[in-house]
Structure formats: structure tokens, C-alpha cells
Amino acid sequence: MNRARAAWFACILSLGILVAWVQAPVKASAQAPIVTVLQVDGIISPATSDFITRGLRQAVENGSSLVVIELDTPGGLDTSMRSIIRQILASPIPVASFVSPGGARAASAGTFILYARHIAAMTPASNLGAASPVSIGLPNPGAPDQDQDPKTDKKSTTDTLTSKVTNDAAAYIRSLAQLRGRNADFAEQAVLEARSMSAQEALKAGVVDVVAGNVAQLLDQIDGRKVTLDGGGTVSLSTAQATIDRIEPGWRTRVLSLLANPQIALILMMVGIYGLFFELTSPGIALPGVAGLICLLLGLYAFHMLPVNWAGVGLIAAGAAMMIAEAFLPSFGVLGVGGIIAFVLGGLFLTDTGMPGFDLSIPFLIGLAVVSAGLIMAIGAMAARAHKNAVVSGRENMLGATGVVTSRKAGMVYADVRGESWRVLCHEPLSPGDEVKVVALDGLILQVVRIAQPGFPGRPVKGESHVL
């Protein structure tokens with residue numbers, strides 16, 4: 001019995017050791033901190049703002065202890081940048097910015113976002129700065145004043161607006177620098193003088209906290225660092241053995257990125273106009289009208305997301321209307337040429353951000369205007385040709401049709417014409433089997449003449465019909 005008990009005890013002990021040995025890595029893995037990595041590559045746009053907002057929310061739901069945003073951007077839209085910064089300041093977990101990979105940059109709006117993070121880092125051979133704002137319709141703040149009045153020595157309204165935008169941006173980035181305890185002087189110079197810095201210079205000047213080669217090195221260097229959250233409280237980072245969870249942009253971000261392109265938005269708007277125009281000229285097809293309405297709404301939504309000048313949108317719409325009118329009115333090309341000019345001018349006024357991704361080129365506008373004019377005039381010509389053709393359906397198509405008398409009931413005669421039973425009237429008596437020809441219509445009654453009798457096929461019958 002003692003031996004049996006000892007054997008049972010040994011088995012249970014071995015099983016317990018085995019279970020503990022198997023569960024140990026599982027517990028260690030479960031207790032390992034999670035770091036969420038979001039990659040931003042390209043212009044800061046509404047799609048970028050949406051991606052970061054959703055990524056921060058997902059990181060909180062996953063229990064991440066840190067969010068790292070890998071940044072490589074030439075700048076972007078002010079509204080999108082401020083939306084991202086608001087999300088960072090409201091984040092319940094620390095957020096780190098990492099200008100990566102080597103050779104990346106955080107210019108313009110990227111510099112503002114870098115200053116807003118709890119931890120700022122860069123890779124070697126990267127740079128930041130050149131954060132001077134460029135607004136629609138306003139010149140570059142670094143450009144000389146061309147509109148100064150030498151008599152009054154007063155700056156123009158345009159220069160005043162430029163100064164307001166620039167000073168507002170400088171105050172905003174200085175407040176972010178003071179909040180994070182970073183170099184506020186360089187932040188202000190980056191806005192007022194478009195100054196830039198390399199990674200090593202930024203580290204020495206106190207603009208960034210860390211210079212690392214990759215995300216793993218960054219997590220090793222910031223391990224144990226204490227971060228003060230904006231909502232209050234201090235968090236000690238434990239990132240040396242953290243599990244990295246990368247979130248890639250999904251279909252929603254890709255669609256928003258596609259729509260946040262002025263060229264795509266303009267094409268969608270024109271396709272919408274084409275579709276509605278084709279539906280109005282050829283009613284009943286439905287598909288062009290439905291597709292055109294969807295494209296037009298998508299184009300207007302894209303313009304709503306973008307910093308556009310709505311006077312430019314109005315000029316584009318007026319140009320399209322004049323090109324459509326050219327297809328129907330004898331203006332000898334005046335409306336068509338005027339429509340193309342209005343279209344091109346509207347495209348030039350549409351955006352003026354100074355960034356290649358948000359401005360429309362003259363060759364693109366001229367090409368799209370010429371294609372639009374040609375397509376609209378071709379559709380108009382086809383519609384006009386269709387109106388001149390003979391009618392092939394409806395009441396008018398019944399004239400000249402032939403049929404056969406089928407019956408006589410209560411003094412009324414019925415004939416089969418084009419597969420349907422019609423009441424007919426004739427100047428002479430008709431019998432079942434007579435062939436008749438429609439010569440007039442009186443409401444739903446057909447006026448006919450007899451063209452043949454049973455047994456005498458093809459025999460003509462003279463006479464005239466009368467209209468009741």
C-alpha cells in the first residue's frame with residue numbers, strides 16, 4: 001500500500017510540474033506589455049486622421065501600454081493635423097512618434113504632430129522642420145510683400161491674413177513644446193523661418209528624446225521612462241520585452257485616401273454630371289442616372305473633406321453647364337469655349353496648398369476639359385439625332401398598321417392589330433376575317449379601311465374613312 005501511495009504521489013507531483021512548466025510561458029506571454037505601431041507614410045489628410053483615431057481607439061481596447069506612430073510625411077492639411085493632435089492629447093495611454101525609416105522626414109504638419117507626442121524619436125539620417133503654413137489663396141509667408149502701398153506704408157489685406165495664420169501656427173507649436181518640455185525656440189523658428197534640423201541636431205537641441213535605428217531599439221531605450229499623461233497621472237513604461245502589434249490601414253483608410261485627392265474628386269464630379277446628363281437626354285435607362293448621382297455625391301463629399309475654394313467648384317459647374325448647352329444651342333462654339341475656360345479657371349482656383357498632392361496641374365485640367373466637352377457634345381449629338389428619327393412606339397406608331405377583324409359584338413367591330421384587340425370603325429361593313437389598315441385614331445378607337453376580304457387576298461377596296 002505504501003508503495004502504491006508513493007507511486008500515486010509521484011505521478012501527481014510530476015503532472016503538476018508538467019502543467020506548471022507548460023503554463024509558465026503562457027502566463028509570461030499574457031503578462032507581456034503590448035505596443036501598438038501605426039505607420040503614417042504620405043501626406044497628412046482626412047484619411048490619416050481617421051486611421052490614427054481608429055488606431056488609438058483599438059490600442060486602448062487591446063490593452064496596449066504604448067502607441068508608436070511611425071511617421072514619414074512632407075506635411076498636410078491643417079484641419080487633419082489638429083484633429084490628430086487632439087486625439088493624442090486626449091489619449092489615455094502614452095503616444096510616441098518615431099520618424100522612420102532612415103531618410104524619412106516630419107516636415108510641416110509632421111513637426112506639429114512630433115511635438116505633440118509624449119515621446120519624440122527619430123532615426124539617423126532623418127529630419128524635421130519647415131513648418132511654415134500655406135493656406136488657400138495666401139502666399140508663402142517667407143515670400144516678399146508685393147502688395148505693400150509705398151504711399152501709406154501699410155501692408156495689404158493678404159499680407160495681414162498671412163501674418164495671422166503664421167502667428168497662430170507659431171503660438172500653437174510653442175504651446176505644444178511647452179507642454180512636452182521641448183525646445184520651443186526651434187519650434188517657433190520652424191514656423192516663422194521654415195527652419196529644419198537633422199536627427200542628431202534635434203537630439204542635441206532637445207527637440208526629440210531618442211535617436212534609434214528601428215522600433216525594437218526605440219522600445220529598449222525608452223524602457224523604464226516615466227511619462228506624464230495629459231489627463232493626470234504618471235506611467236512608467238515597460239517596453240523592453242513588449243509584444244509589437246502593427247495595425248495596417250484597412251479598406252476604409254484606402255477609400256478615404258483615394259477620395260482625398262482633388263483629381264479623383266474632380267473626375268467623380270464630372271462623371272456624375274455626364275451620367276445625369278445622359279439620363280436626362282435618354283430617360284428610362286436608369287443606370288447612367290444612378291451611377292452619375294452616386295459619383296456626384298462622392299465628389300461633393302471629397303470636396304467637403306478637402307480645403308477647396310468653393311468659387312472654384314462653382315466655376316467648374318458653370319463650365320460644365322455651358323459645355324452641355326453648346327450641344328443644343330446654336331452658339332457657334334461660344335458656349336463651348338467659354339465652358340472650357342471656366343472649367344480650367346475653376347480647377348486653378350479649386351486648391352492652392354503648395355503641396356503636389358493637393359493641387360491640380362494645368363495639363364490635367366485642359367485635358368479633362370477637352371475630353372468633357374467632346375463627350376458631352378457627342379452625347380448631345382446622339383440625343384438630337386434620336387429625336388429626329390421616326391417614332392417607333394406609342395400612338396403615332398399605329399398609323400399604317402394592318403390587322404384582321406376578329407368579331408362583331410352589339411354593333412361594335414373588333415380587330416387584332418399588332419397583337420392587341422382594338423375597337424375599329426370603318427365607312428363600310430366589316431366581317432370577321434377582313435384585313436384592315438389603320439388610317440386614323442380617335443381616342444382608343446381605330447379608324448380603318450378594308451384592304452382585303454376572305455377569299456380575295458390582297459384585293460384593294462376603294463373608299464375613304466371618316467373621323468367620328
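A brief look at the structure comes next. Note that the structure is a prediction, hence the values are computed from the model and not measured.

## Focus on the packing of helix H12 (residues 310-326) against helix H13 (residues 334-350)
Running from N to C, H12 and H13 cross one another at 160°; their axes reach a closest spacing of 7 Å. One element, H12, and the other, H13, form an angle in the roughly antiparallel class. For the pair H12 and H13, the crossing hand works out as left-handed. For the contact of H12 with H13, the residue count by class is 14 nonpolar, seven polar and one charged.

## Topic: helix H2 (residues 46-61)
Across its 16 residues, H2 extends 23 Å between first and last C-alpha, which sits within 8% of the 22 Å expected from 1.5 Å per residue. Glycine 63 occupies a position one or two residues after H2 and carries a positive phi of about 80°.

## Here we look at the sheet that holds strand S6 (residues 127-129)
Here we have three strands laid out as an open sheet, ordered S4-S6-S7, and mixed in their pairing. The open sheet terminates on both sides in strands that have one partner only, identified here as strand S4 (105-107) and strand S7 (196-198). Across the sheet, the axes of successive neighbouring strands diverge by a mean angle of 15°, strand direction being ignored. Sheet analysis places S4 next to S6, joined by three bridges and oriented parallel. Within S6, the position partnered with alanine 106 by the bridge is leucine 128.

## So, the sheet that holds strand S3 (residues 95-99)
Ordered in space as S8-S5-S3-S2-S1-S11, the six strands form an open sheet in which the pairing is parallel. The open sheet is flanked by strand S8 (210-211) and strand S11 (243-247), the only strands paired with a single partner. Here two bridges tie strand S5 (residues 119-122) to S8, and the two strands are oriented parallel to one another. Among the inter-strand pairings, methionine 122 is bridged to a residue of S8, identified as valine 211. Along the sheet, H2 makes contact with strand S1 (34-41), strand S2 (66-72), S3 and S11, crossing S1 at roughly 175°.

## Considerations on the pattern of salt bridges
Enumeration over the complete set of coordinates arrives at nine salt bridges. Here aspartate 50 and arginine 252 are joined by a salt bridge, their closest N and O atoms 2.9 Å apart. Taken together, the residues aspartate 50 in helix H2 and arginine 252 in helix H9 (residues 251-259) connect sequence positions 202 residues apart. In this structure, aspartate 185 and arginine 174 form a salt bridge, with 3.5 Å as the shortest nitrogen-oxygen distance. Of this pair, aspartate 185 sits in helix H6 (residues 184-192) while arginine 174 sits in helix H5 (residues 157-180), and the two are eleven residues apart along the sequence. Taken together, the salt bridges that share partners define one network made up of Asp78, Arg82 and Asp168.

## Quick look at the packing of aromatic side chains
Under the counting rule described, the total for this entry stands at one aromatic pair. Centroid distance phenylalanine 112 to tyrosine 172: 6.1 Å. Interplanar angle 25°. Geometry classified as stacked. Taken together, the residues span a long stretch of sequence, with phenylalanine 112 in helix H4 (residues 109-116) and tyrosine 172 in helix H5 at a distance of 60 residues. Comparing phenylalanine 112 with tyrosine 172, the two get one shared label, buried. Here the guanidinium or amino end of arginine 82 rests over the ring plane of tyrosine 172, the centre of that ring lying 4.2 Å away.

## Some points on the environment of glycine 419
Within the element layout of this structure, glycine 419 appears in the loop between strand S13 (412-417) and strand S14 (420-425). Relative accessible area serves as the criterion here: at 69%, glycine 419 is assigned to the exposed category. For the pair glycine 419 and glycine 403, spaced 16 residues apart in sequence, the C-alpha separation works out to 8.6 Å.

The rules behind these values
- Residues numbered from 1 in each chain as written.
- Predicted model: local features only at pLDDT ≥ 70, side-chain atom pairs only at ≥ 80, totals over all residues.
- Heavy atoms only, no water.
- Axes fitted to C-alpha atoms, helices over the stretch in contact; angles between N-to-C directions.
- Helix = DSSP H or I, 4+ residues; strand = E, 2+ residues; numbered from the N terminus.
- Parallel < 35°, antiparallel > 145°, perpendicular 65-115°, else oblique.
- Left-handed = near helix turned anticlockwise from the far one by under 90°.
- Nonpolar A, V, L, I, M, F, W, Y, C, P; charged D, E, K, R; others polar.
- Expected span 1.5 Å × (residues − 1).
- Pairing = 2+ DSSP bridges.
- Contact = heavy atoms within 4.5 Å.
- Salt bridge = Lys/Arg side-chain N within 4 Å of Asp/Glu carboxyl O.
- Phe/Tyr/Trp six-rings, centres within 6.5 Å; stacked < 30°, edge-to-face > 60°.
- Buried < 20%, exposed > 50% of the residue type's maximum accessible area, 1.4 Å probe, protein only.
- Lys NZ or Arg CZ within 6 Å of the ring centre and 35° of its normal.

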